[in-house]
Amino acid sequence: MSKDLHGKTVLITGANTGIGRATAYDLALRGAEIVMACRSEEKTLPVIEAIKNGTGNAKIFFEALDLSSLASVRETATRYLASGRPIHVLINNAGLAGSKGQTKEGFELAFGVNHLGHFLWTNLLLDRIKESGDARIINVASMAHYKAKVIDWNALTKPSKSKTGLPEYEVSKLANVLHAKALAKRLEGTGITTYSLHPGVVASDVWRSVPAPIRWVIKKFMISAEDGAATTLHCVSHANIAGETGLYYDKCMKKKPSKLALDETLAEQLWQRSEAWTN
Ligand SMILES: NC(=O)c1ccc[n+]([C@@H]2O[C@H](COP(=O)([O-])OP(=O)(O)OC[C@H]3O[C@@H](n4cnc5c(N)ncnc54)[C@H](OP(=O)(O)O)[C@@H]3O)[C@@H](O)[C@H]2O)c1
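Everything numeric here is computed off the predicted structure, so don't read it as measured data. (Residues numbered from 1 in each chain as written. Predicted model: local features only at pLDDT ≥ 70, side-chain atom pairs only at ≥ 80, totals over all residues. Heavy atoms only, no water.)

Trainee: Is there a simple way to explain the pattern of salt bridges in this structure?
Mentor: Side-chain pairs of opposite charge can arise where the charged atoms are in close proximity. Per the counting criterion, the structure on display carries 11 salt bridges. We note a salt bridge from D66 to K104, for which the minimum N-O separation is 3.5 Å. Taken together, the positions of D66 in the loop between β3 (60–64) and α3 (70–83) and K104 in the loop between β4 (89–92) and α4 (109–130) put the pair 38 residues apart, joining distant regions of the chain. Judged by relative accessible area, D66 falls into the partly exposed class, the value being 22%. (Salt bridge = Lys/Arg side-chain N within 4 Å of Asp/Glu carboxyl O. Helix = DSSP H or I, 4+ residues; strand = E, 2+ residues; numbered from the N terminus. Buried < 20%, exposed > 50% of the residue type's maximum accessible area, 1.4 Å probe, protein only.)

Trainee: What is the right way to look at the site of the ligand in this model?
Mentor: In the neighbourhood of the ligand, 31 residues make up the surrounding shell, with N16, R39, Y169, V202 and S204 lying closest. One of the backbone N or O atoms of I19 is found 2.8 Å from an oxygen atom in the ligand. Interatomic distance of 2.9 Å between a side-chain N/O atom of K173 and an oxygen atom of the ligand. Surface burial for the ligand is 98%, taken as the share of its 900 Å² of free accessible area covered by protein chains. Listing elements by their share of the shell around the ligand, those giving two or more residues are α1 (18–29) and α5 (166–186). A breakdown of the residues in the shell around the ligand according to their chemical character gives 14 nonpolar, 11 polar and 6 charged. (Near = heavy atom within 4 Å. Polar contact = N/O pair within 3.5 Å; in protein donor to acceptor, adjacent residues only side chain to side chain. Areas by Shrake-Rupley, 256 points an atom, 1.4 Å probe, with all protein chains shown as cover. Nonpolar A, V, L, I, M, F, W, Y, C, P; charged D, E, K, R; others polar.)

Trainee: When you look at the packing of α1 against helix α8 (residues 230–237) in this model, what are you seeing that I'm missing?
Mentor: Each pair of packed helices can be described by the angle between their axes along with the distance between the axes. Following both chains from N to C, one finds α1 and α8 inclined at 45°, their axes separated by 9 Å at the closest point. Classified by the angle between their axes, α1 and α8 sit oblique to one another. Like other packed secondary-structure pairs, α1 and α8 cross with a definite hand, here right-handed. In contact with T23, D26 and L27 of α1, α8 contributes T232, L233 and V236. Here the contact of α1 with α8 is composed, by residue class, of 3 nonpolar, 2 polar and 1 charged. (Axes fitted to C-alpha atoms, helices over the stretch in contact; angles between N-to-C directions. Parallel < 35°, antiparallel > 145°, perpendicular 65-115°, else oblique. Left-handed = near helix turned anticlockwise from the far one by under 90°. Contact = heavy atoms within 4.5 Å.)

Trainee: Help me understand the nonpolar core, please; the structure alone is not making it clear to me.
Mentor: Where a protein is soluble and globular, its nonpolar side chains tend to be buried together. Residues L11, L90, W121, L125, I129, I137 and I151 are the most contacted members of the largest nonpolar core, which totals 47 residues. Mapped onto this core, the elements with two or more residues apiece are β2 (33–38), α3, α4, α5 and α9 (264–278). Every residue in contact with I129, bar those within four places of it in the chain, is listed here: I87, L90, A135, I137 and I192. (Core = buried A, V, L, I, M, F, W, Y, C linked by side-chain atoms within 4.5 Å.)

Trainee: Is there a simple way to explain the pairing of strand β6 (residues 193–198) in this structure?
Mentor: For β6, a buried count of 6 out of 6 residues is recorded, marking the element as mostly surrounded by other parts of the structure. Side chains T193, Y195 and L197 project from β6 onto one buried face, and the interleaved T194, S196 and H198 project onto a second face that is buried too. Two elements, strand β5 (residues 136–140) and β6, share 5 bridges in a ladder whose sense is parallel. Across the sheet, residue I137 finds its bridge partner in β6, namely T194. With α5 bridging β5 and its parallel neighbour β6, the resulting β-α-β unit is right-handed. Here β6 runs beside strand β7 (residues 247–250); their pairing, made up of 4 bridges, is parallel. Residue pairing in the sheet places S196 in a bridge with Y248 of β7. (Pairing = 2+ DSSP bridges. Right-handed = clockwise from strand over helix to strand, strands pointing away.)

Okay, here's the thing in structure tokens:
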């Protein structure tokens, strides 16, 4: 896929702020049609206007999507498929960290939003993606996945247990890496490639649950959302990685993920369970 994205449609989740917004802006500059699937119309429409004004690209659209509800994921996917729009690039970017609770269907919040919602979203859109031939599917994961040492399957169907919500976040990001890997295996021979990545430690709204004074200090040491979009953008269009699939990237380079993230059996177990939970 070339850097010029005229004629290409990119569907991206959580693009109203942070890394997703910076990613959408760059893709708009390169001429892509962009569909921003976000949970708040009120927050997203002004961002769409700003991207249109800043880039001169008028083909930026909103779709309502709440990843904490599998019903919402189904509704939005149905609407999208009915619209007839193609998908050349799917970017599973939305995510939360440090929030606790349960999704509408009772899954642990970080796992449900960051992984399970995106798992169902991707599966429902897969036939449309296949129509685009050399499409790419990108999961914005995190280096936090290295910290996850086990997936406790029982914990995934209960409210978040930890005080900080961060151990649950680490598992959800491990799931993002395993999902890209298991999906790559299923897409062998289709021309569709998958990628997972760490965007860098970015001064975005993802730190919203950290108390204000600490948040202000730590954000000073982080990279900008624009720099944080670089590895996603690399995975969207870099020609050199067109033949690579199911791998993990950091700083626009391939990187070995954690031992668990390379575990084929675990990837399959996660796939089977995710499939059962979303049926
Ligand atoms: N920032 C970092 O240092 C860092 C590091 C590693 C990985 N990441 C990953 O990068 C991705 C983007 O994060 P960011 O830093 O740009 O964070 P952000 O500024 O907080 O943006 C997160 C996006 O996800 C959306 N989102 C949250 N819950 C959702 C739900 N239930 N349904 C639909 N959308 C939902 C948010 O929507 P609202 O605005 O409506 O809440 C927002 O658009 C995430 O997957 C995150 O895990 C970030």
